[in-house]
Structures are given as structure tokens and as C-alpha cells.
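Residues per chain are reported as follows:
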Amino acid sequence: MNRQIHGILSLLIILAAVITAALAIVQSSVIWTAVYLVGTFLSALVMIYSFCTKCPCRKTDCGHVIPGKLTRFFPSRPEGPYTFMDKTGIVVPVVFMIVFPQYWLLEHPSYFYLFAVLCLVAAADIQFFVCKGCNNRFCPFFQEGCEKK
């Protein structure tokens, strides 16, 4: 499988994790479920703006495909090294998506384990397949020697 297939697959796995968390939360509160889903959607937009809009691969070789295509709807940003704020725009949303639902996930261990496995599988898929061959030398996870020849 090529990295774009893994990129779409990893996004679908992340979506499955978010749905799992939402199912755990909705059993207690529709309002908190809505907060989580809206927060996750906004987090995805922040991540695309913070990271993807500066990626040199976004227009031609985006490993995740969809975020690269969505960058055209965001203000243009110069390609270059990621700043502290850019990195914060990735870390804070990821922490929100993972930490926010923990209270409800821990109330339902089967949801907790499924959520954890989905998150870990998505992270492994991204690290070992999507990042491999990526030409974004500015990425903190760039692996020297793995870029396409």
C-alpha cells in the first residue's frame, strides 16, 4: 500500500476513535458529546492551519490527502520551519481529542480499550507508513533518508 492509502486509512481510524469516544460520552450527556464533537472538528481545522498550510507537500504529495486538499480554503502561509505556535496548534488539539473523553471512556472500559487501540494503531500507521517517504523537511518527525528519491 502506498502512503496516501495509509494516510486515508489513518484518518478513518482516528474518526473511528472519535466516534468511540462520542458513544461513551453520549451515554451520560448529549451536551458533552456535542462539545467533544464540535471541539474535535475545530481541533482538526486548527491542525490543518497550524501544520498543513506550511507543508511543502500539501499541494502535490500530501500523505493524508484530505488535509492537503483542505489547505486551499485557508489563508496562504509560507513554507518553512514550524514555530512554537505552529507546534502548539498540533499538540493542544491532539491532547483535547485524547484527554477530554477520558472520564467517560474510563466509565466504560470496553470503549476505553477500543479508543486506546484505535489511537495507537493510527499513530503507528502515520509514523511507519505515512511519514515514510514524506519530503517535508520542516516536520519535527522528518526522517532523514526516508524521503523519496
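Up top you'll find the structure we're talking about.
Residues numbered from 1 in each chain as written. Predicted model: local features only at pLDDT ≥ 70, side-chain atom pairs only at ≥ 80, totals over all residues. Heavy atoms only, no water.

1. Structural notes on helix H4 (residues 84-99)
Each turn of an α-helix holds 3.6 residues, which means side chains three or four residues apart point in the same direction.
Then, in step 1: If you check H4, its first and last C-alpha atoms are 21 Å apart, about what 16 residues at 1.5 Å a residue would give, namely 22 Å.
Then, in step 2: For H4, the full list of buried residues reads Asp86, Gly89, Pro93 and Met97. All buried residues of H4 lie within an arc of 55° about the axis, which places them on one face of the element. Residues of H4 that are exposed and point more than 90 degrees away from the buried face comprise Phe84, Met85, Val91, Val92 and Val99.
Then, in step 3: Against helix H2 (30-50) and helix H6 (109-130) lie the buried residues of H4. (Helix = DSSP H or I, 4+ residues; strand = E, 2+ residues; numbered from the N terminus. Expected span 1.5 Å × (residues − 1). Buried < 20%, exposed > 50% of the residue type's maximum accessible area, 1.4 Å probe, protein only. Arc of directions from axis to C-beta. Contact = heavy atoms within 4.5 Å.)

2. Remarks on the nonpolar core
Then, in step 1: If you look at the biggest cluster of nonpolar residues, it comprises 14 residues, and the most contacted ones within it are Ala21, Tyr36, Leu105 and Phe115.
Then, in step 2: Of all the secondary structure elements, the ones that give two or more residues to this core are helix H1 (3-26), H2, helix H5 (102-107) and H6.
Then, in step 3: Of all the elements, H1 adds the most residues to this core, at 6 residues.
Then, in step 4: Among the nonpolar cores identified, the runner-up in size contains 7 residues, and Phe51, Cys55, Cys57 and Phe142 belong to it. (Core = buried A, V, L, I, M, F, W, Y, C linked by side-chain atoms within 4.5 Å.)

3. A closer look at unusual backbone geometry
Then, in step 1: Positive phi, close to 65°, is recorded for Val65, a residue that is not glycine.
Then, in step 2: Mapped onto the secondary structure, Val65 falls in the loop between H2 and helix H3 (66-70).

4. Points about the pattern of salt bridges
Then, in step 1: Taken as a whole and assessed by the stated rule, the structure comprises 4 salt bridges.
Then, in step 2: One salt bridge in this structure joins Arg3 and Asp61, with 3.0 Å as the shortest N-O distance. A residue pair is termed long-range when its members are at least 10 positions apart, and Arg3 in helix H1 and Asp61 in the loop between H2 and H3 qualify at 58 residues. Here Arg3 and Asp61 have matching classes, each one buried.
Then, in step 3: Of the charged contacts in the structure, one is a salt bridge between Glu79 and Arg58, with a shortest N-O distance of 3.5 Å. Separated by 21 residues along the polypeptide, Glu79 in the loop between H3 and H4 and Arg58 in the loop between H2 and H3 bring together distant segments of the chain.
Then, in step 4: The exposure class assigned to Arg58 is buried, which follows from its relative accessible area of 13%.
Then, in step 5: Through salt bridges that share partners, Lys54, Arg77 and Asp86 make up one connected network. (Salt bridge = Lys/Arg side-chain N within 4 Å of Asp/Glu carboxyl O.)

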